[in-house]
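Per-entry structural report
The primary structure of each chain is shown beneath.
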Amino acid sequence: MTVARLVSTVAAPLGRASADVPQVLYRPGRRVLVQRGDTELVALDLDGPGAGQATEVRFPAPWPRGFGTVTVSPDRDVAVFAGVHAVRSVEASGATRWEVRHGCWDGSCPLMHTSFAEYADDRDHFYADMGSIALSADGKLVWAHVRGPLSDDEAADYEELWLVLDAADGRVLDRVDTGTVASGSFHTSHPDPAQMGLSIGEGEEGSPSLWGRWDGQRLTAEQIDIETILLTVNPSGRNLLSVPLDQASLDLHQVEGGAVLRTLDAQGTVPPHPRSTGEDRLYWDFEAAFTDEDTVVAGSAACDGEYGTVRHWLVDVRGMSLLGEITYPFPVSGPPRSAGDGTWYTVSEDGTSLHLWSLRDAG
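Structural notes, computed from the coordinates.

1. Focus: the overall build of the protein chain
Across its full length, the protein chain carries two helices and 28 strands. Taken against the 2.2 N^0.38 rule, which gives 21 Å for 363 residues, the C-alpha radius of gyration of the protein chain at 20 Å falls within 12% of a compact globule. Based on the C-alpha atoms only, the size of the protein chain along its principal axes is roughly 60 × 45 × 40 Å. Relative to its full complement of 363 residues, the protein chain shows a buried share of 54%. Put simply, 45% of the contacts in the protein chain that link residues at least 6 apart link residues at least 24 apart. Here the protein chain displays about 15500 Å² of accessible surface, and carbon together with sulfur accounts for 47% of that area. Averaging the positions of the 27 positive and the 54 negative side-chain charges in the protein chain gives two centres separated by 6 Å.

Following this line, the structure appears as structure tokens:
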């Protein structure tokens, strides 16, 4: 039996009526709970002295939620917002530390906006596509997927770009064209600050995944697959876990070169849900977490959800074998999400609390 140990439960700082569900951002040795509200972002230190509510930092948001994504520096001195027209680094005081403006993510809009106010009441912009951002493991680089052109480009080139920015001042260190037409994207962090993954959703057109490397002078990106979602990287950074768009298998890649080493199909491996007829299709979630170099917590929550209880599984990636179902002290909801240092987290069904978990020997 594989038993989960509850490390901590943290109340979401913002109400669900006006905020996204909380999430955990992990940098080596530091976990931060982040929750995006309509007008602000709240960051709680989960590991430092006096961790929890007393150490929260609040950042005024430059535009409403739903208009992009956000990340927070390891020390919580700045939040970096990716929006429809710009990437902006914001201090807790509300002061802008730097901003990089880019082409509008509303594909029908040719304008280079200078502020959110220019399209705040335009319904077309409410449904704009979006990119994403992530900070490197050491917090010194910002990786940003944006729509071109940049504000200082001499020619209007509307290709999508993957940028590496200096986190201190927003300088564009280098960029590559992604060759994509995104409806959305998200980054997958690597323990090496000079590496990063990017999954790009193109609606019905597919989901290309890229792996980027920054050598201090030049950014390069290689395509891993055209219909793959990147999930997580193991602690050493040597291996990468993904699922195809149909979520049929867990695929273990070698980070160097992206080759698939082993796969584990959900069908025929995951037992049917006890409340099901046994005829439903089984598939993996779009989230997973390494607990050590060779062990992953993966979920079948999305296909279990209609039966009321969700299931998470321990997987040995050395042989891609199922070690067993994870037992929790109380029912959980949603997929397992990586929280670093051998832990993972779940969010309560009502979104009001976050539970941090680790493995323990059931004896």
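Now that the structure has been shown, we can carry on.
2. Describing the sheet that holds strand S18 (residues 228-233)
Pairing is antiparallel across the open sheet formed by four strands, whose spatial order is S18-S19-S20-S21. The two strands at the open ends of the sheet, each matched to only one other strand, are S18 and strand S21 (260-265). Here the average twist between neighbouring strands, direction ignored, is 25°. Direction of pairing for strand S20 (residues 249-254) relative to S21: antiparallel, over a ladder of five bridges. Within the sheet, the bridge partner assigned to Leu-252 lies in S21 and is Arg-262.

3. Remarks on empty space enclosed by the protein
Left-over empty space is what a probe sized like a water molecule reveals as it rolls over the atoms. In this structure the tally under the stated criterion is three cavities of 30 Å³ or more. What the largest cavity holds in volume is close to 60 Å³. Taken together, Pro-272, His-273, Ser-276, Gly-278, Glu-279, Asp-280, Arg-281, Leu-282, Cys-303, Asp-304, Tyr-307 and Arg-311 make up the full set of residues lining the largest cavity. Grouping the constituent residues of the lining of the largest cavity by class yields four nonpolar, three polar and five charged.

4. Quick look at the side chain of His-312
Turning to its location among the elements, His-312 is positioned in strand S24 (residues 312-316). Within the structure, the side chain of His-312 is placed 2.6 Å from the side chain of Tyr-328, a separation counted as a polar contact. Here the side chain of His-312 touches Gly-334 through a polar contact of 2.8 Å, landing on its backbone oxygen. Those residues in contact with His-312 that sit more than four places away from it in its chain are Val-297, Ala-298, Gly-299, Gly-324, Glu-325, Ile-326, Tyr-328, Val-332, Gly-334, Pro-335, Pro-336 and Thr-346.

5. Digging into the pairing of strand S25 (residues 321-327)
Sheet analysis places strand S1 (residues 2-11) next to S25, joined by two bridges and oriented parallel. In the strand pairing of S25, Val-3 is matched with Thr-327. Across four bridges, the pairing between S24 and S25 is antiparallel. Its bridge partner lying in S25, Asp-316 is registered against Ser-321.

6. So, the nonpolar core
If you look at the biggest cluster of nonpolar residues, it comprises 36 residues, and the most contacted ones within it are Leu-41, Val-72, Phe-81 and Trp-143. Ranked by residues supplied to this core, first place goes to strand S15 (residues 195-201) with three residues. Non-local contacts of Val-72, meaning those with residues more than four positions away in its chain, are made with Leu-25, Arg-27, Val-34, Leu-41, Ala-43, Phe-59, Val-78, Ala-79 and Leu-135. In terms of nonpolar packing, the next biggest core, distinct from the first, is built from 21 residues, Ala-266, Cys-303, Val-315 and Val-317 among them.

7. So, the environment of Thr-309
Mapped onto the secondary structure, Thr-309 falls in the loop between helix H2 (301-304) and S24. Classification of Thr-309 by relative accessible area gives partly exposed; the value is 32%. Considering only alpha carbons, one finds Thr-309 and Ser-333, 24 residues apart in sequence, at a separation of 7.4 Å. Once residues within four sequence positions are removed from consideration, Thr-309 is found in contact with His-273, Arg-275 and Asp-304.

8. Remarks on the pattern of salt bridges
A complete count under the given rule lists 18 salt bridges for this structure. In this structure, Arg-318 engages Asp-316 in a salt bridge whose closest nitrogen and oxygen atoms are separated by 3.1 Å. A residue is classified by how much of its surface remains accessible, and Arg-318, at 54% relative accessible area, is exposed. Within this structure, Asp-20, Asp-38 and Arg-65 form a network of salt bridges that share partners.

9. A few points about the pairing of strand S11 (residues 141-147)
Taking burial as the measure, the seven residues of S11 include seven buried ones, the bulk of the element. Alternating residues of S11 divide into Leu-141, Trp-143, His-145 and Arg-147 and Val-142, Ala-144 and Val-146, and every residue in both groups is buried. Summarising the sheet, strand S10 (residues 132-135) and S11 pair through four bridges and their orientation is antiparallel. Paired with Ala-134 across the bridge in S11 is Trp-143. Where S10 hands over to S11, the hairpin turn is made up of five residues, of which Gly-139 adopts a positive phi near 75°. Sheet topology places S11 next to strand S12 (residues 160-166); seven bridges connect them, and they run antiparallel. Looking across to S12, one finds that Ala-144 is bridged to Leu-163.

Rules and cut-offs
Residues numbered from 1 in each chain as written. Predicted model: local features only at pLDDT ≥ 70, side-chain atom pairs only at ≥ 80, totals over all residues. Heavy atoms only, no water. Helix = DSSP H or I, 4+ residues; strand = E, 2+ residues; numbered from the N terminus. Rg over C-alpha atoms; globule rule 2.2 N^0.38 Å. Buried < 20%, exposed > 50% of the residue type's maximum accessible area, 1.4 Å probe, protein only. Contact = heavy atoms within 4.5 Å. Areas by Shrake-Rupley, 256 points an atom, 1.4 Å probe, with all protein chains shown as cover. Lys, Arg positive; Asp, Glu negative; His and termini not counted. Charge placed at Lys NZ, Arg CZ, Asp CG, Glu CD. Pairing = 2+ DSSP bridges. Axes fitted to C-alpha atoms, helices over the stretch in contact; angles between N-to-C directions. 1 Å grid on protein atoms, 1.4 Å probe; cavity = no way out; pocket = protein on both sides within 12 Å on 5 of 7 lines; lining within 4 Å. Points joined across faces, edges and corners; volume = space filled by probe spheres on them. Nonpolar A, V, L, I, M, F, W, Y, C, P; charged D, E, K, R; others polar. Polar contact = N/O pair within 3.5 Å; in protein donor to acceptor, adjacent residues only side chain to side chain. Core = buried A, V, L, I, M, F, W, Y, C linked by side-chain atoms within 4.5 Å. Salt bridge = Lys/Arg side-chain N within 4 Å of Asp/Glu carboxyl O.

Just distances and angles here, no functional claims.
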